[in-house]
Amino acid sequence: MRVNQPVITQVETLLPKDQFIYSRTDLKGIIVEANQAFADISAYTREEMIGQPHNLVRHPDMPPQAFEDMWRDLKAGRPWRGLVKNRRKDGGFYWVVANASPVRENGKIVGYRWLSIRAHFPRTT
Ligand SMILES: Cc1cc2nc3c(=O)[nH]c(=O)nc-3n(C[C@H](O)[C@H](O)[C@H](O)COP(=O)(O)O)c2cc1C
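Residues numbered from 1 in each chain as written. Predicted model: local features only at pLDDT ≥ 70, side-chain atom pairs only at ≥ 80, totals over all residues. Heavy atoms only, no water.

A.B. asks: How do you make sense of the site of the ligand when you look at a structure like this?
C.D. replies: As a structural note, the neighbourhood of the ligand is formed by 13 residues, with H54, N55, R58, W71 and N86 the closest of them. Within the side chain of N55, a nitrogen or oxygen atom sits 2.7 Å from an oxygen atom of the ligand. At a separation of 2.7 Å, an oxygen atom of the ligand approaches a polar side-chain atom of R58. Cavity membership is defined here by more than half of the atoms lying within 2 Å of grid points; on that basis the ligand lies in the largest pocket. At four residues, the largest contribution of residues to the shell around the ligand is made by helix α3 (residues 64-75). Classifying every residue of the shell around the ligand gives seven nonpolar, four polar and two charged. (Near = heavy atom within 4 Å. Polar contact = N/O pair within 3.5 Å; in protein donor to acceptor, adjacent residues only side chain to side chain. 1 Å grid on protein atoms, 1.4 Å probe; cavity = no way out; pocket = protein on both sides within 12 Å on 5 of 7 lines; lining within 4 Å. Sits in = over half its atoms within 2 Å of the grid points. Helix = DSSP H or I, 4+ residues; strand = E, 2+ residues; numbered from the N terminus. Nonpolar A, V, L, I, M, F, W, Y, C, P; charged D, E, K, R; others polar.)

Here it is in structure tokens:
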């Protein structure tokens, strides 16, 4: 039997060093804004992403506790920072250092924003 390698889910894409990912959601985590770098690295178009829940790019390797922690902070009005592995539409992945924070209008939280840059863990083997 022929086994083609590498398995697509093991393919990492690196966010270019000079780019950042920006997205904004409503209170429920539905994407209302996404920059081109986010669409490109995720292998979606911006049109495909807007209107979708942000777990569109959730990678099964990410522990649920990471997002529970994030939502706890955001709902309490606090920013959250963490390392996140996202899944691309083609099954590949990328890592980011994410900074999420509440978006306020007149003191009231109306949504959340997410700004992230490349995180890269070079293989040592
Ligand atoms: C502004 C913002 C950005 C988010 N960005 C991501 C992201 O890039 N990747 C991700 O897996 N979840 C992201 N989330 C969290 C998702 O909304 C969701 O909680 C998470 O993917 C877990 O999904 P699940 O509850 O369906 O397992 C983001 C949430 C917010 C509010």
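Still more to cover.
A.B. asks: It is not clear to me how the layout of surface pockets should be interpreted in this structure. Could you clarify?
C.D. replies: Over the atoms rolls a probe the size of a water molecule, and in doing so it shows where empty space is left. When its volume is computed, the largest pocket comes out at roughly 350 Å³. Forming the boundary of the largest pocket are 19 residues, of which H54, N55, F67, M70 and W71 lie nearest the centre. Elements with a minimum of two residues in the lining of the largest pocket: β1 (21-25), α3, β3 (80-87) and β5 (108-118). Considering only residue class, the lining of the largest pocket consists of ten nonpolar, six polar and three charged. (Points joined across faces, edges and corners; volume = space filled by probe spheres on them.)

A.B. asks: Even after reading the chapter, I still don't get the sheet that holds β1, so can you show me in this structure?
C.D. replies: Sheets are built from strands that pair by backbone hydrogen bonding, the pairs being arranged parallel or antiparallel. Taking strand neighbours across the sheet as the criterion, the five strands line up as β2-β1-β5-β4-β3 in an open arrangement whose pairing is antiparallel. Strands with a single pairing partner mark the edges of an open sheet, and in this sheet they are β2 (31-34) and β3. Recorded for the sheet is a direction-independent mean angle of 30° between the axes of neighbouring strands. Pairing of β3 with strand β4 (residues 93-105), which is carried by eight bridges, proceeds in the antiparallel orientation. Looking at β4, one finds that R87 is bridged to F93. Contacts between α3 and the sheet are confined to β3, β4 and β5, with β5 contributing the most and set at about 135° to the helix. (Pairing = 2+ DSSP bridges. Axes fitted to C-alpha atoms, helices over the stretch in contact; angles between N-to-C directions. Contact = heavy atoms within 4.5 Å.)

A.B. asks: Explain the packing of aromatic side chains to me, please; I cannot follow it from the model alone.
C.D. replies: Any two aromatic rings considered together are summarised by their centre-to-centre distance and by the angle between their planes. If you walk through the whole model with that rule in mind, you get two aromatic pairs. With a centroid separation of 5.4 Å and an interplanar angle of 90°, the aromatic rings of W71 and Y112 are classed as edge-to-face. Of this pair, W71 sits in helix α3 while Y112 sits in strand β5, placing them 41 residues apart in sequence. A relative accessible area of 26% places W71 in the partly exposed class. Owing to a relative accessible area of 7%, Y112 belongs among the buried residues under this scheme. Relative to W114, the ring of W80 lies with its centre 6.4 Å away and its plane at 20°, an arrangement referred to as stacked. Highlighted residues: W80 in strand β3 and W114 in strand β5, separated in sequence by 34 residues. Assigned by exposure class, W80 and W114 land together as buried. The ring of F93 is capped by K85, whose NZ or CZ atom sits 4.3 Å from the centre of that ring. (Phe/Tyr/Trp six-rings, centres within 6.5 Å; stacked < 30°, edge-to-face > 60°. Buried < 20%, exposed > 50% of the residue type's maximum accessible area, 1.4 Å probe, protein only. Lys NZ or Arg CZ within 6 Å of the ring centre and 35° of its normal.)

Interpretation note: all reported values are geometric properties and have no functional meaning in isolation.
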